Amino acid sequence: MSLKCGIVGLPNVGKSTLFNCISSGKAQSANFPFCTIEPNLGSTNVPDKRLEALSELCQPKRTIPATVDIVDIAGLVKGASKGEGLGNQFLANIRETDAILHVLRCFDDGNIVHVDGSVDPVRDKEVVDAELQIKDLETVESRLAKVQKQAKMGSDKEARKLADLLERYRAALLEGKSCRTVVPVNEEEEALAKDLYLLTNKPVMYVCNVDEASAASGNAYVDAVREAVKDENAEILVIAAKTESEIAEIEDYDDRQMFLEELGLEESGVVRLIQGAYRLLGLQTFFTAGADECRAWTIRKGDKAPRAAGVIHSDFERGFIRAEVIKYDDYMTYKTEAAVRAAGKMGIEGKDYVVKDGDIMHFLFNV
């Protein structure tokens, strides 16, 4: 499955710098508002030491990591919901993403202008939230007006359920809350909510862009953000985007690690960001491994074996018979599939098997 994260925020908070240090694309980064107009598209490999270890054991012809698509979206300003700045284009680009990486400027630098004249990440967050909420309120009220007519007819149960959900969204938005604060009561409502494509219903990670000195410990700006979002179901990442972009240019792995250690960091911000995005979206990884290829595949937590097979090819899911499953730790212990099988550590699983993170799988199917 493909995963797309959209980088958003006010102009000049470090969005394009972050994009450049985590993706294969290159975005213009400059000291003036709206230097990004068209969304920049890039991708990055999902770091996973387990895939590296499997590849060392199997010595395959190719190793293919999972990837995440990254979209650097033009900066938003107050009034975007009414078309100010690049508003309508900005909002349309967000709608197409799975998750939002909301970059907040948490550093002082007199040489970098701020669109509102001063550094205040909580205020900046509220500006973006308000514009997204206004747009969602327009969407909800428009849809609600149509659905209520259907619900009043009495025979359309689906319309009544959707109307109830929309009413709850409307109440939250009128209180200045995002749609993600409204929790669906069951799986049916979850499906209805997903089909609405509301901007403030998307999972969000607040990326606090700090200076190099604050990369490990954060600062007062970060503390203020933590307090402001404590009641939201959101991830927070502290990253020095400019410094990370410099680290990304270092080719030697040991030199990169030494740089990180000097900053007091065990892992790069890129690794922490991808891991956070996976947690945010409830994703996990399974592997296929052999002489031809070692590959990481992304699925949702709770997915069963046929769904995982379908990520590889729809025929695998449609004609699913069974799955041969090896736990990652067992593969590392016995070193080869044959040794795992001989030790009785290979599981034979059917359609109801819930795939676990790190499973190494081989699917049998018939179409």
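Every value quoted in this text rests on a predicted model; they were computed, and no experiment measured them. (Residues numbered from 1 in each chain as written. Predicted model: local features only at pLDDT ≥ 70, side-chain atom pairs only at ≥ 80, totals over all residues. Heavy atoms only, no water.)

1. Description of the nonpolar core
- Within the largest apolar cluster, 69 residues are counted, with the highest numbers of intra-cluster contacts made by Leu18, Val207 and Leu273.
- Considering every element that reaches this core, the biggest residue donor is helix H10 (residues 269–281), with 7 residues.
- Sequence-distant contacts of Leu273, defined by excluding residues within four places in its chain, comprise Leu18, Ile22, Leu101, Met205, Val207 and Leu237.
- Core analysis: the next-biggest nonpolar cluster, separate from the first, contains 19 residues, Leu165, Leu166, Val182 and Leu196 among them. (Core = buried A, V, L, I, M, F, W, Y, C linked by side-chain atoms within 4.5 Å. Buried < 20%, exposed > 50% of the residue type's maximum accessible area, 1.4 Å probe, protein only. Helix = DSSP H or I, 4+ residues; strand = E, 2+ residues; numbered from the N terminus. Contact = heavy atoms within 4.5 Å.)

2. Some points on helix H11 (residues 305–312)
- Taken as a whole, H11 has its buried residues at Ala305, Pro306, Ala308 and Ala309. Along the axis of H11, the buried positions cluster into a sector of 160°, meaning they face one direction only. (Arc of directions from axis to C-beta.)

3. Here's the deal with the sheet that holds strand E6 (residues 204–209)
- Judged by pairing direction, the sheet is mixed, and its 6 strands sit side by side in the order E2-E4-E1-E5-E6-E7 without closing on themselves. A single partner strand is all that each edge strand has here, and the edge strands are strand E2 (40–45) and strand E7 (235–239). Each strand of the sheet is rotated relative to its neighbour by a mean of 25°, with strand direction disregarded.
- Inspection of the sheet shows E2 paired to strand E4 (residues 67–72) by 6 bridges, in the antiparallel sense. Within E4, the position partnered with Leu41 by the bridge is Val71.
- Taken strand by strand, helix H1 (residues 15–22) contacts strand E1 (4–8), E2, E4, strand E5 (99–105), E6 and E7, and its axis lies near 155° from that of E4.
- Seen against the sheet, helix H7 (residues 220–228) touches E5, E6 and E7 and runs at an angle of roughly 175° to E7. (Pairing = 2+ DSSP bridges. Axes fitted to C-alpha atoms, helices over the stretch in contact; angles between N-to-C directions.)

4. Regarding the pattern of salt bridges
- Summed over the entire model, instances satisfying the criterion amount to 23 salt bridges.
- Among the salt bridges present, the one from Arg279 reaches Glu235, with a minimum N-O distance of 3.0 Å. Taken together, the positions of Arg279 in helix H10 and Glu235 in strand E7 put the pair 44 residues apart, joining distant regions of the chain.
- In this structure Glu235 comes out as buried when scored by relative accessible area, which is 18%. (Salt bridge = Lys/Arg side-chain N within 4 Å of Asp/Glu carboxyl O.)

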